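# Close look at the chain arrangement
Read off the chains here:
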Amino acid sequence: MTNKKTAIILANLGTPDAPTPTAVRAYLREFLSDTRVIEIPKLIWQVILNCFVLTTRPKRVAEAYDSVWTADGSPLLAILKQQAQDLQTRLSHQGIHTPVYAATTYGNPSIKSVMTQLMADGVESFVVLPLFPQYSATSTAAAFDKIFKLMLDTRNVPQLQLIKDYHDHPLYIEALAQSVERYWQAHGRADKLLMSFHGIPKPYADKGDPYPEQCRTTAVLLADRLGLASDAWAISFQSRFGAQEWLKPYTDELLAEWGQAGVSVQVMSPAFSADCLETLEELAVENRDHFLQAGGKSYDYIPALNTDPLHIDMMADLVKWRLIDRYDHA
């Protein structure tokens, strides 16, 4: 089954083009100017952003990016491109010949540039899978906004099928569970398993963002699948920014408590479909150091699903039934 006029877009948040202050500043300006991400009144926030954040933060963030940068560039983008390639191969093995493209909400390759080129090449239908397991206005909706804004300037609007979330998809939960079990087989089992999700400001959740509830659903399903006792695991939220209250408990504070208790910890982040700065530097290094300094026994990071075969199987399951009605049978 082949339809050359359909394309699949795998989308993730994005990354700077290089681990330099200049590239990071450009990336942060685009990312932090999005009103989906920062809901402070625009005029006030632009003063804060340009006078304070973008004058101090890029150098420190660039150093963090440099510590995780690879020969293939940004880990997130390199993994995203490999995920797209693997998904296309997996679908091909199932007799579905639809091209898969990687795109990012911020930075390059942007959703706008990828879809614009594909429409110029004759693509008339898109299946878009943002690789954010749990829906949030700050991530999934921000990616959808890029598409909607592009459509405002498009005369011949293509058919769009947008996949909102997959926080409780059986293959997603199974992929997470098997990744933990493989880690246990190779490294043993710690006293505690911490599921650390990326945080959002608490007022966003208060306004109706379903993200925290979906995170908790993922965590409970995974804990049940692993057969964990209630005192053997916990959920937390990381990467807060600014002075306002974010979702709690905070990852760094909970790890400090556990460190003082002298327990061993294994940490994973089910909110991330690909390892990136927030997992490889913040979670795997920075939080580990704080935990051990507080007296913790041992600390290990369980990698994101990345290109795990079952992870790719889940992506294939999500997109293929949205494709079947669009095929011209050869």
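Since this is a predicted model, take the numbers as computed values, not measurements.

Parameters and conventions
Residues numbered from 1 in each chain as written. Predicted model: local features only at pLDDT ≥ 70, side-chain atom pairs only at ≥ 80, totals over all residues. Heavy atoms only, no water. UniProt positions renumbered as here; feature names shortened; annotations may be inferred. Contact = heavy atoms within 4.5 Å. Buried < 20%, exposed > 50% of the residue type's maximum accessible area, 1.4 Å probe, protein only. Phe/Tyr/Trp six-rings, centres within 6.5 Å; stacked < 30°, edge-to-face > 60°. Helix = DSSP H or I, 4+ residues; strand = E, 2+ residues; numbered from the N terminus. Pairing = 2+ DSSP bridges. Axes fitted to C-alpha atoms, helices over the stretch in contact; angles between N-to-C directions. Parallel < 35°, antiparallel > 145°, perpendicular 65-115°, else oblique. Left-handed = near helix turned anticlockwise from the far one by under 90°. Nonpolar A, V, L, I, M, F, W, Y, C, P; charged D, E, K, R; others polar. Expected span 1.5 Å × (residues − 1). Right-handed = clockwise from strand over helix to strand, strands pointing away.

### Describing the UniProt feature "binding site: Fe(2+)" (unreviewed entry) in the protein
Sites flagged by UniProt as "binding site: Fe(2+)" (unreviewed entry) map to His 198 and Glu 278. The annotated residues occupy 81 residues of the chain but converge on a single region, no pair of C-alpha atoms lying more than 8.3 Å apart. Dropping the residues within four chain positions of it, His 198 is found in contact with Tyr 211, Phe 237, Gln 238, Ser 239, Trp 246, Ala 271, Phe 272 and Glu 278. Judged by its relative accessible area of 22%, Glu 278 is partly exposed.

### Side note on the packing of aromatic side chains
Inspection of every chain in the model, using the stated rule, returns eight aromatic pairs. With centroids separated by 6.0 Å and ring planes inclined at 25°, the aromatic side chains of Tyr 27 and Phe 31 adopt a geometry described as stacked. One end of the pair is Tyr 27 and the other is Phe 31, both in helix 1 (residues 21–32) and four residues apart, which spans about a single turn. Neither residue differs from the other here; Tyr 27 and Phe 31 are each classed as buried. Centroid distance Tyr 166 to Tyr 172: 5.4 Å. Interplanar angle 90°. Geometry classified as edge-to-face.

### Focus: the sheet that holds strand 6 (residues 233–238)
Read from one edge of the open sheet, four strands run 6-5-7-8, paired in parallel fashion. Every interior strand has two partners, whereas the edge strands, strand 6 and strand 8 (298–301), have only one. Strand after strand, the sheet turns through a mean of 25° between neighbouring axes, direction not considered. Pairing analysis gives six bridges linking strand 5 (residues 192–198) to strand 6, with the strands arranged parallel. Bridging from a neighbouring strand, Ser 196 pairs with Ser 236 of strand 6. Packing against the sheet, helix 6 (residues 170–187) makes contact with strand 5, strand 7 (264–268) and strand 8, and its axis sits at approximately 145° to strand 7.

### Description of the side chain of His 167
For His 167, the position within the fold is in the loop between strand 4 (159–162) and helix 6. Contact partners of His 167, with chain neighbours within four places excluded, come to Pro 133, Gln 134, Tyr 172, Ile 173, Gln 214, Thr 217 and Thr 218.

### Description of the packing of helix 3 (residues 75–93) against helix 11 (residues 309–323)
Interaxial distance between helix 3 and helix 11 falls to 9 Å at its minimum, and their mutual angle equals 65°. Classified by the angle their axes make, helix 3 and helix 11 are roughly perpendicular. Where helix 3 crosses over helix 11, the two elements pack in a sense that is right-handed. Contact residues: helix 3 offers Gln 83, Asp 86, Leu 87, Arg 90 and Leu 91, while helix 11 offers Pro 309, His 311, Ile 312, Asp 313, Met 315, Ala 316, Val 319 and Lys 320. When grouped by side-chain class, the residues that make up the contact of helix 3 with helix 11 number seven nonpolar, two polar and four charged.

### Focus on helix 3
Residues separated by three or four positions in an α-helix point in the same direction, a consequence of the helix having 3.6 residues per turn. Look at helix 3: 27 Å from first C-alpha to last across 19 residues, which is about the 27 Å you get at 1.5 Å a residue. Among all positions in helix 3, only Pro 75, Leu 76, Leu 77, Ile 79, Leu 80, Gln 83, Ala 84, Leu 87 and Leu 91 are buried. Looking at the buried residues of helix 3, the elements they touch are strand 1 (6–15), helix 2 (42–68), strand 2 (100–107), helix 10 (277–293) and helix 11. With its phi angle positive at about 85°, Gly 95 sits one or two positions after the end of helix 3.

### Some thoughts on the packing of helix 1 against helix 2
It is the contact of helix 1 with helix 2, at a shortest axis distance of 8 Å, that shows an interaxial angle of 135°. One element, helix 1, and the other, helix 2, form an angle in the oblique class. Crossing handedness for the pair helix 1 and helix 2: right-handed. Mapping the contact onto sequence places Pro 21, Val 24, Arg 25, Tyr 27, Leu 28, Arg 29 and Leu 32 in helix 1 and Trp 45, Leu 49, Asn 50, Val 53, Leu 54, Arg 57, Pro 58, Lys 59, Val 61, Ala 62 and Tyr 65 in helix 2. Among the residues forming the contact of helix 1 with helix 2, the class breakdown is 13 nonpolar, one polar and four charged.

### Quick notes on unusual backbone geometry
Between Asn 108 and Pro 109 the backbone carries a cis peptide bond, its omega angle lying at -5°. Looking at the secondary structure, you find Pro 109 in the loop between strand 2 and helix 4 (111–120). Cis geometry marks the peptide bond from Lys 248 to Pro 249, where omega comes out at 0°. Looking at the secondary structure, you find Pro 249 in the loop between strand 6 and helix 9 (251–261). The phi dihedral of Asn 306 is positive, around 50°, even though this residue is not glycine. Here Asn 306 is to be found in the loop between strand 8 and helix 11.

### Section: the pairing of strand 8
Every second residue of strand 8 is oriented toward a common face, the buried set being Tyr 299 and Tyr 301 and the non-buried set Ser 298 and Asp 300. Two strands pair when backbone bridges link them, and strand 7 and strand 8 are joined in this way by four bridges, in the parallel orientation. Bridge pairing in strand 8 places Gln 266 opposite Asp 300. For the crossover that starts at strand 7, traverses helix 10 and ends in the parallel strand 8, the hand is right-handed.

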